[in-house]
Amino acid sequence: MAPKYKLVYYDSKGRGELARLLFAAAEVEYEDYRFKEEDWPKLKGDTPFGQVPVLEVDGKPLAQSNAIARYLAREFGLAGKTAWDQAQVDMIVETMQDMGNPVIPIWLCKNEEEKAKLTKTYAEETLPRYMEALQKILVANTEGKGFFVGDEMTLADLALFASFDWFEAGAKNPLEKFPKLQEFKDRIASCPKIAAWLEKRPKTEF
């Protein structure tokens, strides 16, 4: 009997969207439980670490977005075919954390002058350095015409695709100088299963 999945997260993309993309890619049914900011205090005590996302599998909770993503990827055959492939997938997933985390202080900064400085550093130094490295990795695999690891979509591809929203929150046109990454983004978005999810998912600012 197939497991019963329930994903608990805010009514936004954020750190919950990668799991949703994995469900979409695998065409596996789940309950997409979304809540408003004002409802969080009532739910917080029921989560393992007082944070979301949380994935419930037959009622058992699993926290931490990357742990959830890796679990689902293994269950759905999207984790990589070999131990080396899986390590390469993990490398990309961890890099998304390094690239996305600097956006948080930009969002939280109340001082406009300091916020402008943080944004400039991220947009002109931090993000391009990682983008250049990612584009090289992509090109090294099937000349950049396919996926990041192997010849099929994996968690690595979906992790980067989900992260583009984060990057765009910290920099204008982050893919402008990286055409292979732009092509990659368009390619993933046009995959029928992903395109269907993008069309039907709730419209949220982030």
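A few points on the structure.

What counts as what
- Residues numbered from 1 in each chain as written.
- Predicted model: local features only at pLDDT ≥ 70, side-chain atom pairs only at ≥ 80, totals over all residues.
- Heavy atoms only, no water.
- Helix = DSSP H or I, 4+ residues; strand = E, 2+ residues; numbered from the N terminus.
- Expected span 1.5 Å × (residues − 1).
- Buried < 20%, exposed > 50% of the residue type's maximum accessible area, 1.4 Å probe, protein only.
- Arc of directions from axis to C-beta.
- Contact = heavy atoms within 4.5 Å.
- Core = buried A, V, L, I, M, F, W, Y, C linked by side-chain atoms within 4.5 Å.
- Pairing = 2+ DSSP bridges.
- Axes fitted to C-alpha atoms, helices over the stretch in contact; angles between N-to-C directions.
- Phe/Tyr/Trp six-rings, centres within 6.5 Å; stacked < 30°, edge-to-face > 60°.
- Lys NZ or Arg CZ within 6 Å of the ring centre and 35° of its normal.
- Salt bridge = Lys/Arg side-chain N within 4 Å of Asp/Glu carboxyl O.

### Some remarks on helix α8 (residues 179-190)
Here α8 is 12 residues long and its end C-alpha atoms lie 16 Å apart, about the 16 Å a rise of 1.5 Å per residue gives. Of the residues making up α8, those classed as buried are L181, F184 and I188. Axial view of α8: buried residues confined to an arc of 55°, hence all on one face. Packing partners of the buried residues in α8 comprise α6 (112-140), α7 (155-170) and α9 (192-200).

### As for α9
Buried residues of α9: I194, W197 and L198, and no others. Along α9, the residues classed as buried sweep out an arc of 100° about the axis, all on the same side. Exposed residues pointing more than 90 degrees away from the buried face of α9 are listed as P192, E199 and K200. In the core, the buried residues of α9 are packed alongside α1 (17-26), β2 (31-35), α7 and α8.

### Considering the nonpolar core
Nonpolar side chains in soluble globular proteins tend to end up buried together. In this structure, F148, F167 and I194 are the most contacted members of the largest nonpolar core, which totals 55 residues. The biggest single contributor to this core is α7, with 10 residues. Ignoring anything within four residues of it in the chain, the contact list for F148 reads I92, L134, I137, L138, N141, A156, D157, L160, L181 and F184. F35, W40, V52 and V54 belong to the second-largest nonpolar core, a separate cluster that totals 7 residues.

### A word on the sheet that holds strand β3 (residues 54-57)
Ordered by their spatial adjacency, 4 strands build an open sheet running β2-β1-β3-β4, and the pairing between neighbours is mixed. In this open sheet, the two edge strands, each paired with only one partner strand, are β2 and β4 (60-63). For this sheet, the mean inter-axis angle between neighbouring strands, taken without regard to orientation, is 25°.

### Here we look at the packing of aromatic side chains
For the structure on display, the rule yields 13 aromatic pairs. Measuring from ring centre to ring centre gives 5.6 Å for F35 and W40, while their planes differ by 15°; the resulting arrangement is stacked. Accessibility expressed as a relative area gives 3% for F35, which makes it buried. By way of ring pairs, the aromatic residues Y5, F23, Y30 and F76 are connected into one cluster. In this arrangement the basic side chain of K6 is found over the ring face of Y33, its NZ or CZ atom lying 4.6 Å from the centre. Positioned over the ring face of Y130 is R129, at 4.6 Å from the centre of the ring.

### What about the side chain of T126?
Mapped onto the secondary structure, T126 falls in helix α6. Its relative accessible area of 17% is what places T126 among the buried residues. Not counting residues within four places of it along the chain, the set of residues in contact with T126 comprises P102 and T121.

### Quick notes on the pattern of salt bridges
Tallied over the full model, the rule gives 17 salt bridges. We note a salt bridge from K185 to E168, for which the minimum N-O separation is 2.7 Å. Separated by 17 residues along the polypeptide, K185 in helix α8 and E168 in helix α7 bring together distant segments of the chain. Assessed through its relative accessible area of 36%, E168 is described here as partly exposed. Linking K180 and E183 is a salt bridge whose minimum nitrogen-to-oxygen distance equals 3.9 Å. Here E183 and K180 lie together in helix α8, a separation of 3 residues that amounts to about one turn. Through salt bridges that share partners, D11, E17, R20, D32, R34, K36 and R201 make up one connected network.

Everything listed here is a matter of geometry and, on its own, says nothing about what the molecule does.
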